[in-house]
Amino acid sequence: MINNIKNYISGNTGFLIRLDDIAENMNWDLMDKTTELFDKFKIKPVLGIIPNNNDPELLLYPKKNINFWEQVRTWKKKGWEIAMHGNNHIYDKFCSKTDYLGLGGNSEFCSHTYEKQLEKIKSGLYKFKSEDLDIRVFFAPNHTFDDNTLVALKECGITEIIDGYGLMPYEENGIKFIPQLFYKMIVFPFGIQTFQIHLNYFKHDDFDNFKKFIELNSQKIITYDQAISKINNNFLSKMSRIITKKILQIKRLN
Ligand SMILES: [Zn+2]
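Rules used in this analysis
Residues numbered from 1 in each chain as written. Predicted model: local features only at pLDDT ≥ 70, side-chain atom pairs only at ≥ 80, totals over all residues. Heavy atoms only, no water. Salt bridge = Lys/Arg side-chain N within 4 Å of Asp/Glu carboxyl O. Helix = DSSP H or I, 4+ residues; strand = E, 2+ residues; numbered from the N terminus. Buried < 20%, exposed > 50% of the residue type's maximum accessible area, 1.4 Å probe, protein only. Donors = N, O, S within 2.8 Å, 3.2 Å for Na, K, Ca; no water. Axes fitted to C-alpha atoms, helices over the stretch in contact; angles between N-to-C directions. Parallel < 35°, antiparallel > 145°, perpendicular 65-115°, else oblique. Left-handed = near helix turned anticlockwise from the far one by under 90°. Contact = heavy atoms within 4.5 Å. Pairing = 2+ DSSP bridges. Core = buried A, V, L, I, M, F, W, Y, C linked by side-chain atoms within 4.5 Å.

Engineer: Any chance you could explain the pattern of salt bridges here in plain terms?
Structural biologist: Oppositely charged side chains may form a pair once their charged atoms are brought near each other. In the structure shown here, the tally under the stated rule is 11 salt bridges. Here Arg18 makes a salt bridge to Asp20, at a shortest N to O gap of 2.7 Å. The residue Glu119 makes a salt bridge to Lys116 at a minimum N-O spacing of 3.7 Å. Note that Glu119 and Lys116 are positioned in helix α4 (residues 114–130) at a spacing of three residues, about one turn of the helix. We classify Lys116 as partly exposed; its relative accessible area is 33%. In the salt-bridge network here, residues are joined through shared partners; they are Glu70, Arg73, Lys127 and Glu131.

Below is the structure:
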């Protein structure tokens, strides 16, 4: 009995690493160090690539003297998951909790018309396609998207999103969600958790702490395929969504 419970917990516990804001302009020094670290521990993260980055804040970061898209294909060949992180990453709308997750805030997608959102998603996917990259998963800048985003994504054949509440991946409205809860590395003893990493915002000893986390937990770090295979709509999964939603809507922890 105890062994059954132990097996159930270990079979349903894992960390997925999601690197956000991957674009031609970014903190390449840390990206190179992170790549070395991932290679050493055979970690296969998800890279949130901004296909047509035009965010004025992100454009302040340096470019590297390489063919960016060639680099993306190299990452993909290593088994890293290439996800679409918005289209241009420009926050031209503000939503006051009218977004799908009820968090509110600046948005590239939420509150735009369906047609506009479809155009954005098509434009992003077109960029990937022209670079010979197939995309199956999306996540919106600042977690803000709405029902129209989901319809537009499905129209373009994208049915997977890394965001949402809970401790297990789940399916809702024809979309598979892999939850992403915290900015900080808060480790629950159970569940599939996505860690959202912004190398651009790393300060002081953030990289050393991240490195220590990887060294300690490399055995528990899973791939995107492993995460998506854990889709679960059972009672425990639903309860964990309700509870984490309450917590995060009170204050998105950061
Ligand atoms: Zn972003």
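Resuming the write-up.
Engineer: I tried to follow the coordination of the zinc ion on my own but got confused; where do I start?
Structural biologist: Metal coordination angles in their ideal form are 109.5 degrees for the four-donor tetrahedron and 90 or 180 degrees for the six-donor octahedron. Every protein donor of the zinc ion is listed here as Asp21 (OD), His85 (NE2) and His89 (NE2), and their distances to the metal cover 2.0 to 2.1 Å. Read in sequence order, the donor residues for the zinc ion give the motif D-x63-H-x3-H. Taken together, the residues Asp21 in strand β1 (residues 13–22) and His85 in strand β3 (residues 81–85) connect sequence positions 64 residues apart. Under the relative-accessibility criterion, Asp21 is labelled buried at 3%.

Engineer: I tried to follow the packing of α4 against helix α5 (residues 147–155) on my own but got confused; where do I start?
Structural biologist: The description of two helices packed together rests on the angle between their axes and the distance between the axes. It is at 9 Å that the axes of α4 and α5 come closest, and there the two elements cross at 45 degrees. Relative to α5, α4 is oriented oblique. The two elements α4 and α5 cross, and the hand of that crossing is right-handed. The residues of α5 that touch α4, namely those facing Tyr114, Gln117, Leu118 and Ile121, are Asn148, Thr149, Val151, Ala152, Leu153 and Glu155.

Engineer: Even after reading the chapter, I still don't get the sheet that holds strand β8 (residues 170–172), so can you show me in this structure?
Structural biologist: The strands that make up a sheet pair up through hydrogen bonds in the backbone, lying either parallel or antiparallel. Across the sheet, eight strands lie side by side as β8-β9-β7-β6-β3-β2-β1-β10; this open sheet has mixed pairing. Edge positions in the sheet fall to β8 and β10 (191–197), since each of these pairs with one other strand and no more. Going across the sheet, the axis of each strand differs from the next one's by a mean of 30 degrees, ignoring polarity. Of the pairings in the sheet, the one linking strand β7 (residues 160–162) to strand β9 (residues 175–178) comprises three bridges and is parallel in character. When the bridges of β9 are listed, Glu160 appears paired with Lys176. Sheet strands touched by helix α2 (residues 28–41): β1 and β2 (46–49). Its angle to β1, the strand with the most contacts, is close to 155 degrees. Contacts between α5 and the sheet are confined to β6 (137–139), β7 and β9, with β9 contributing the most and set at about 115 degrees to the helix.

Engineer: Would you take a moment to explain the nonpolar core for this structure?
Structural biologist: The nonpolar side chains of a soluble globular protein tend to be buried with one another. Counting residues in hydrophobic clusters, the biggest one holds 54 residues, and the most contacted among them are Ile17, Met31, Ile49 and Trp75. When residues in this core are grouped by element, the largest group, five residues, is from α2. If we skip the residues at most four places from it in the chain, Ile49 touches Ile22, Phe68, Trp69, Val72, Trp75, Ile82, Ala83, Met84, His85 and Phe128. Counting residues in each nonpolar core, the second largest holds 14 residues, with Leu16, Ala83, Val137 and Ile162 among its members.

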